[in-house]
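So the chains spell out like this:
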Amino acid sequence: MFKSLEGKEVTIHFIDNTSVTGGTIQEVDDHGVKYRDEFQILYIPISSIKSVALNTKDRQRPRVGFSL
């Protein structure tokens, strides 16, 4: 399941309602996930992960205006 997210920027939510954001998943195995952000590398057990959200760019809305 996490293999498809390797190398992509994600937010990981934990079962204790904390989260990490702004980093990428580096490696995945049967026991855990290696997560790296700008400041740290975390080895996260699979059993502590509640959900994973893929970070995507926000859609830029077109500007609406009228000119005379």
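Refer to the structure printed above.
Right, let's walk through the structure included here. Because the structure is predicted, anything quoted here is derived from the model rather than measured. (Residues numbered from 1 in each chain as written. Predicted model: local features only at pLDDT ≥ 70, side-chain atom pairs only at ≥ 80, totals over all residues. Heavy atoms only, no water.)

1. Observations concerning the side chain of aspartate 37
To keep it simple, the criterion reads: Each helix corresponds to a stretch of at least 4 residues labelled H or I by DSSP, and each strand to a stretch of at least 2 residues labelled E; elements are numbered beginning at the N terminus. Think of a polar contact as two N or O atoms within 3.5 Å of one another; within protein, one of them needs to be a possible hydrogen donor and the other a possible acceptor, and neighboring residues in sequence only count if both atoms come from side chains. Contacts were defined at the residue level, with two residues in contact if any of their heavy atoms lie within 4.5 Å.
Following the sequence through the fold, aspartate 37 ends up in the loop between β3 (32–36) and β4 (41–45). In this structure the side chain of aspartate 37 is engaged in a polar contact, spanning 3.0 Å, whose partner is the backbone nitrogen of phenylalanine 39. Looking at aspartate 37, its side chain comes within polar contact range of the main-chain nitrogen of glutamine 40, at 2.8 Å. Setting aside anything within four residues of it in sequence, one finds aspartate 37 in contact with Gly22 and Gly23.

2. Re the side chain of serine 48
Structurally, serine 48 can be placed in the loop between β4 and β5 (49–54). At 2.9 Å, the side chain of serine 48 forms a polar contact with the backbone oxygen of proline 45. Residues within four places of serine 48 in sequence aside, it is in contact with Phe14 and Ile15.

3. Quick look at the environment of aspartate 16
Basically, it comes down to this: Summary of the burial criterion: residues with accessible area below 20% of their type's maximum are buried, those above 50% are exposed, and those between are partly exposed, where the area comes from a 1.4 Å probe applied to protein chains only.
Mapped onto the secondary structure, aspartate 16 falls in the loop between β1 (9–14) and β2 (19–28). According to the relative accessible area criterion, aspartate 16 is exposed, its value standing at 52%. In the structure, aspartate 16 is positioned 34 residues away from lysine 50 in sequence and 8.5 Å away in space, judged by C-alpha atoms. Within polar-contact distance, the side chain of aspartate 16 engages the side chain of threonine 18 at 2.7 Å.

4. As for the pattern of salt bridges
For clarity, the cut-off: Salt bridge, as used here: a side-chain nitrogen of Lys or Arg that lies within 4 Å of a carboxyl oxygen of Asp or Glu.
Summed over all chains, the structure comprises two salt bridges. Between lysine 3 and glutamate 6 there is a salt bridge, with the nearest N and O atoms lying 3.5 Å from each other. For lysine 3, a relative accessible area of 55% translates into the label exposed. One salt bridge connects lysine 34 with glutamate 27, and the closest N-O pair in it is separated by 3.9 Å. By relative accessible area, which is 19% here, lysine 34 ends up buried.

Everything listed is a geometric property; what it means functionally is a separate question.
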